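# Breakdown of the fold
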2 protein chains.
Amino acid sequence: MRQYEMFELEFIGEAPQGSWVDVDLTAEFICDGEVTVVKGFYAGEGVYKVRFLPRRTGTFKWKTTGIVEKSGKIHCEAGEVQDEAIQHAVIQNAAVQDAAVQDAAVQNAAVQGTAMGTNALEGIGHGMVQAEGMHFVYEDGTRYTPVGTTVYALPHQPQALIDQTFDTLAGSPYNKLRWCVFPKSFPYNENEPDFYPFEKTTEGKWDVHRPAMEFWNHFEKILMKLEQMGIQSDIILFHPYDRWGFCELSMEENLVYLDYVLRRLSAFPSVWWSMANEYDMMLKRGMEDWYVIEEYIAENDPYHHLLSNHQCVVVYDFSRKNITHCSLQIRDVDRVKEFMEKYQKPVIYDECAYEGDLPMDWGNISGFELVHRFWGLYAQGAYGTHGEVFLSPDDVLWWAKGGILKGESTPRIAYLKGLLKEADGPLAPWELKEFAKPEENQPLDELLKDVRRDNPVANLYYYGKGPERDGMFVVPEYAARYEHQFFLQYLGHTAPSVVTLYLPEDASYRIDVIDTWEMTRKQAYFGASGKVEISLPGKECIAVVAVRL
Amino acid sequence: MRQYEMFELEFIGEAPQGSWVDVDLTAEFICDGEVTVVKGFYAGEGVYKVRFLPRRTGTFKWKTTGIVEKSGKIHCEAGEVQDEAIQHAVIQNAAVQDAAVQDAAVQNAAVQGTAMGTNALEGIGHGMVQAEGMHFVYEDGTRYTPVGTTVYALPHQPQALIDQTFDTLAGSPYNKLRWCVFPKSFPYNENEPDFYPFEKTTEGKWDVHRPAMEFWNHFEKILMKLEQMGIQSDIILFHPYDRWGFCELSMEENLVYLDYVLRRLSAFPSVWWSMANEYDMMLKRGMEDWYVIEEYIAENDPYHHLLSNHQCVVVYDFSRKNITHCSLQIRDVDRVKEFMEKYQKPVIYDECAYEGDLPMDWGNISGFELVHRFWGLYAQGAYGTHGEVFLSPDDVLWWAKGGILKGESTPRIAYLKGLLKEADGPLAPWELKEFAKPEENQPLDELLKDVRRDNPVANLYYYGKGPERDGMFVVPEYAARYEHQFFLQYLGHTAPSVVTLYLPEDASYRIDVIDTWEMTRKQAYFGASGKVEISLPGKECIAVVAVRL
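Residues numbered from 1 in each chain as written. Chains lettered and ligands numbered in written order. Predicted model: local features only at pLDDT ≥ 70, side-chain atom pairs only at ≥ 80, totals over all residues. Heavy atoms only, no water.

Counting residues at the interface gives 52 residues for chain B, matched by 52 residues for chain A. Along the contact surface separating chain B from chain A lie zero salt bridges. Connecting chain B to chain A are six residue pairs in polar contact (both at pLDDT 80 or more). Contributions of two or more residues to the side of chain B that touches chain A are made by helix 5 (287–300) and helix 11 (456–463) of chain B. Ranked by the residues each element gives to the side of chain B that touches chain A, the list is headed by helix 11 of chain B, at three residues. Here the side of chain B that touches chain A is built from residues that sort into 26 nonpolar, nine polar and 17 charged. (Contact = heavy atoms within 4.5 Å. Salt bridge = Lys/Arg side-chain N within 4 Å of Asp/Glu carboxyl O. Polar contact = N/O pair within 3.5 Å; in protein donor to acceptor, adjacent residues only side chain to side chain. Helix = DSSP H or I, 4+ residues; strand = E, 2+ residues; numbered from the N terminus. Nonpolar A, V, L, I, M, F, W, Y, C, P; charged D, E, K, R; others polar.)

Another point: unusual backbone geometry. Not every positive phi belongs to a glycine, and Cys541 of chain A is a case in point at roughly 65 degrees. Among the structural elements, Cys541 of chain A can be located in the loop between strand 31 (531–535) and strand 32 (542–548). Backbone geometry places Asp395 of chain B, a non-glycine residue, at a positive phi of 60 degrees. Mapped onto the elements, Asp395 of chain B comes out in the loop between strand 25 (388–389) and helix 8 (398–401). Among the residues examined, Asp395 of chain B registers a relative accessible area of 25% and is labelled partly exposed. (Buried < 20%, exposed > 50% of the residue type's maximum accessible area, 1.4 Å probe, protein only.)

Let us now look at the relation of the copies chain B and chain A. Under the fitted operation, chain B is carried onto chain A by 0.0 Å of movement along the axis and a turn of 180 degrees, and the coordinates agree to an RMSD of 0.1 Å. Read as a symmetry element, the transformation amounts to a two-fold axis. Closest approach to the rotation axis within chain B is made by the C-alpha atom of Asp332 of chain B, at a distance of 5.4 Å. Most of the interface of chain B is mirrored in chain A, where 100% of its interface residues again form contacts. (Least-squares fit on C-alpha atoms with pLDDT ≥ 70 in both.)

Another aspect to go through is the confidence of the model for chain A. Residues and elements named next belong to chain A. Per-residue pLDDT for chain A averages 89, and the proportion of residues at 70 or more is 88%. Confidence drops under a pLDDT of 50 for residues 77–85, and excluding neighbours within four residues, the segment shows 19 contacts in the predicted structure. pLDDT under 50 marks residues 91–109. Its contacts with residues more than four places away, or in other chains, come to 43 contacts. (pLDDT = per-residue confidence, 0-100.)

On inspection of all chains with the given rule, the structure shows 57 salt bridges over all chains. In this structure, Glu369 of chain B engages Arg373 of chain B in a salt bridge whose closest nitrogen and oxygen atoms are separated by 2.9 Å. With a gap of four residues between them, Glu369 of chain B and Arg373 of chain B both fall in helix 7 (residues 367–378), about one helical turn apart. With a relative accessible area of 6%, Glu369 of chain B lands in the buried category. Via salt bridges that share partners, Glu8, Lys49, Arg51, Glu220 and Arg264 of chain A belong to a single interconnected network.

So, in structure tokens, the structure goes:
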């Protein structure tokens, strides 16, 4: 057993009577008095598994209960390690058969044991990503800066295409992937998947109590592969674009489905739960349904993976306590601060329109515009998710199917990601005049103190009515910093020939001017402090970065 | 006297006792029982003038009252025509002295007369521009499509610069100019003007009762020159950027100033009244003051020139009955329909940020972006005003001082203006699927009829709460048409490689694809009708136009 890596117990017996989901198999893992209870699941072909994610080092005592104890039919036999990447303990009549469980001294006829949780592998196991303030961090304290992309229907593509997608991802900057459990039926997504998540009843209806093991084994392989590549899986549990009936399951069926997902996948550290893509377009689901789904996930995921819900039109209530971050479909990067202030949770624009050339407006922004949106987001301390949709005779569009990337944005997003590494920590919005001298940063109440209260601007200011959007007081500033170490201002669609930075007086900075599109970087100053005027090329999409020497 | 041209009566005598503004001189012009009462003004050096704008043909009987009748000191002598461009009648003891008033048979010792209002000069005199629905039209029915620019401090520049500005305007597409009465004190506007609108009291304060005639003669010359060039003058009566005290006159003084302006300038057909530039930044003025100013102008302008008020932050209430159109400072062209729906008056974005390279965000959008905003506006049936601010060692920035145009937007705005001439009338928003077959344009209530009412999207739809901005239902469409003759769709910052137009089935169209930046135009179809799929280059800022054959 290794900290931050999934640990698995395997039991071998007969298939369950009745539901293959609601199997009576629970394990308790205890370390230093800290108890984690996890449910096991049926994995098909007489195999039952219990998966556990150890999040600390130490000695874990574990004990299984339920059918393992009670049923004469579930017995524990010697098994083989099926997948090297999953550490698993195959339990056989009180004997340890497998090298991977050498630390597990099984004490009592298959139902109890002890495992030593050793240190995580250096540089590999960091644990789950968690929200911390407006940012993300791995459990071991390592900074995580999401740079996402989407391949919504990845598990529903032919294996050759999936493999090609892995290759593309390996050469890309993306470290988070949004992908769906259920297949997608939508323009450019007409192909039939190889596997479906459920078997059918004799009446031809989906039987949520019979998970289709081929599907889940396949799904898990992808999840594991992405995890090994350092890519977080933002798993989309529901979505509306369906021709098979998955989006029309009853709420009771939905919870059975979720039960299986949570038993089976929760111990993967790279999992995030996205309740839905465009939840509000599932027109037969009401708001209360989503709260039920949300609560169910929160209560049955023993590890509390990141959890959010992604809208089409009506933004989900991210202030709910189970929701860990904002997962938005929003194109206007100037609204970042609105969401930050309202929800006080990390803000990810999980869809801000895709680079491409589709007739549909969500799928035809230029590479230039998508790169602009990315810089606008990250230079405010928010995060973005890329997507790409170029019309193709084979209907393989990256956004849903993967394959290869054809657009111009990806290398520029990689360049941005590289720059962000120069910051020693996550960026937070930087009020541009924060370090200006008081006389250069007169507060508004001083400027307005002699003003008549019935002047419309003063009225707004004194009586708190928000000014109309686009008024001069709400000009977006794309500026963020990490403490006093790293300052970034991005000029977006403006094209000034000069900009003034106000840096701390007590430190010395190297200031560079970056052309975000050309990916060129020129030093403007070495050893600057305080107020600095910087010449710019007078074109769009320029950034200025100051790094403390 | 000629229809749509200013007609002037001139009286010669002694300077008024007391106020030079509130002079007791009124004239009544009667034609076919239609009475227009206008006030005369003192023009300096013993000259009094009455100006009248005849808006119809016919025989006008006129009669002056006030000091002309009562005062022994005001007598009417032979005068000379001071300015060829102003038709004026110099009244001298019942004799007509001037060829320009050959039709005016003066009947009764200088205070009464008759003038034949003849037809306007063909192609020149069209009368005042008026609002008609969401558009503008001259009084004679000629279409007027405003394409504005700004030279705010034009009358406060040296004559050589003013002359250069005229030359530049003559070669430009601009047919409306926003310019101020009062001089401007602002970055890049430090120069002292040659003339001020008022004399000073012996205590050194501005004396609004003593208009400085040099200033007003100078101002009028510019107004006349612009009028002759076919350029409407959107005269800005107040503004906050001042170091001389003009923006701190009392309300009583403001109304005296307005009285003079209205007496003197109302008969120029090319005048529009812009109550202020950034009215809300005049921090010592309350909302009620602006209503007083608005009412005063509306009551004292005999012709009801176009009237609006331009904000910085808080949009003026354009629904007020005196207000003829929306004069906005707004950068977001996607808000056009919001203003159209709210005010049901023509929408002009009189400031949508300026092309240039200033450090200030209002003055550093690229030419590309400004051209985009123009196309976005006109392709929704709205109008825009250009402005240009490139840093220059001589501080001559077009936006406030004129001179020459250095930017990239102007030729492209000219190209757009040229295209709009191909429409036989003003463009109105075009719902893109308006002419689609019913099965291709299913109404939302049909799509949502089986939907649970507690689904968040259905809830929005049925209970009328507006969806969050940026949701899929509020995607901006830049599409406008003139009846069934001219259709324009502009693709803005999207870059599709294909677009579908739904044109009327019963007519035949030539369809062209326009690259708005390159100003190239390629025929896509000749003789198209109904649903037409058009290949596009897959880049930003492409327009598609369909003109009926």
